[in-house]
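# An overview of the molecular structure
Below are the chains, spelled out letter by letter.
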Amino acid sequence: EADIYQTPRYLVIGTGKKITLECSQTMGHDKMYWYQQDPGMELHLIHYSYGVNSTEKGDLSSESTVSRIRTEHFPLTLESARPSHTSQYLCASSELFPNYGYTFGSGTRLTVV
Amino acid sequence: AQTVTQSQPEMSVQEAETVTLSCTYDTSESNYYLFWYKQPPSRQMILVIRQEAYKQQNATENRFSVNFQKAAKSFSLKISDSQLGDTAMYFCAFMPHQGGSEKLVFGKGTKLTVNP
């Protein structure tokens, strides 16, 4: 079944650690997105990609970085985690023209202590 | 810039009753798409219903229907015969047709609680 997968589902990590949040999709979608969801549940776009080797920053400034080496894979990396990075991170993907919207992963809930 | 406004941060409804969630948007585009997404607690966000702006007929999906008023830039979601499983955050989203650079613009969400 075509889907989008995020791992880990939950992560508790110490300050200063490097972390990578994984996101993979099996639908062959060209476009992929990372959202940060704050405690009030509002969604903030932090990164997006229109295809392999294409990455752009989103509307909300983020210290994270992303890469898109393969169509199906769009990992997000934090070089040095801080408590302010504690949040839920949602990955999504879409066709080139997303007239049917996005498909979302289940999210990674990150806690930095 | 396009904006999406959901004026009801929280709503509650009794099981089996009908509830309507409001959404307004601001755009100068004439061709666009509108969506309602549902995010249950600790679960995946899923698409509930979509509407194409050039279609006058309101979209329906089983118990979910929309009231699309293009001139008023309003896109409300009606949930009939509410069920406990409808408890979730609901996000309204807008997407203009811009020839390749489209991205969804989300509202801040409405938290819906269905009470037994």
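Before reading on, note that the structure itself is shown above.
So, here is what we can say about the structure in this document. (Residues numbered from 1 in each chain as written. Chains lettered and ligands numbered in written order. Predicted model: local features only at pLDDT ≥ 70, side-chain atom pairs only at ≥ 80, totals over all residues. Heavy atoms only, no water.)

### Describing the interface of chain B and chain A
Contact with chain B, which involves 21 residues of that partner, is made by 26 residues of chain A. Of the roughly 1900 Å² buried where chain B meets chain A, counting both sides, 55% is carbon and sulfur surface. On the chain B side of the interface with chain A, the three residues burying the most area are Gln44, Met45 and Lys103 of chain B, jointly 28% of the side's total. Seen at the junction of chain B and chain A, the total is zero salt bridges. When residues of the side of chain B that touches chain A are traced back to their parent elements, those giving at least two are strand S5 (32–39), strand S6 (46–52) and strand S10 (88–96) of chain B. The element that contributes the greatest number of residues to the side of chain B that touches chain A is S5 of chain B, accounting for four residues. Residues that form the side of chain B that touches chain A fall into these classes: 10 nonpolar, six polar and five charged. (Contact = heavy atoms within 4.5 Å. Buried area = accessible area lost by both parts, 1.4 Å probe. Salt bridge = Lys/Arg side-chain N within 4 Å of Asp/Glu carboxyl O. Helix = DSSP H or I, 4+ residues; strand = E, 2+ residues; numbered from the N terminus. Nonpolar A, V, L, I, M, F, W, Y, C, P; charged D, E, K, R; others polar.)

### Quick word on the sheet that holds strand S3 (residues 19–25) of chain A
As a general point, the strands of a sheet are linked pairwise by backbone hydrogen bonds and lie either parallel or antiparallel. All names here are of chain A. Across the sheet, which stays open at both edges, the four strands sit in the order S1-S3-S8-S7 with antiparallel pairing between neighbours. Taken across any chain shown, the strands that pair with only one partner, and hence form the sheet edges, are strand S1 (4–7) and strand S7 (65–66). When S1 meets S3, the two strands line up antiparallel, connected through four bridges. By the bridge assignment, Thr7 is partnered in S3 with Glu22. (Pairing = 2+ DSSP bridges.)

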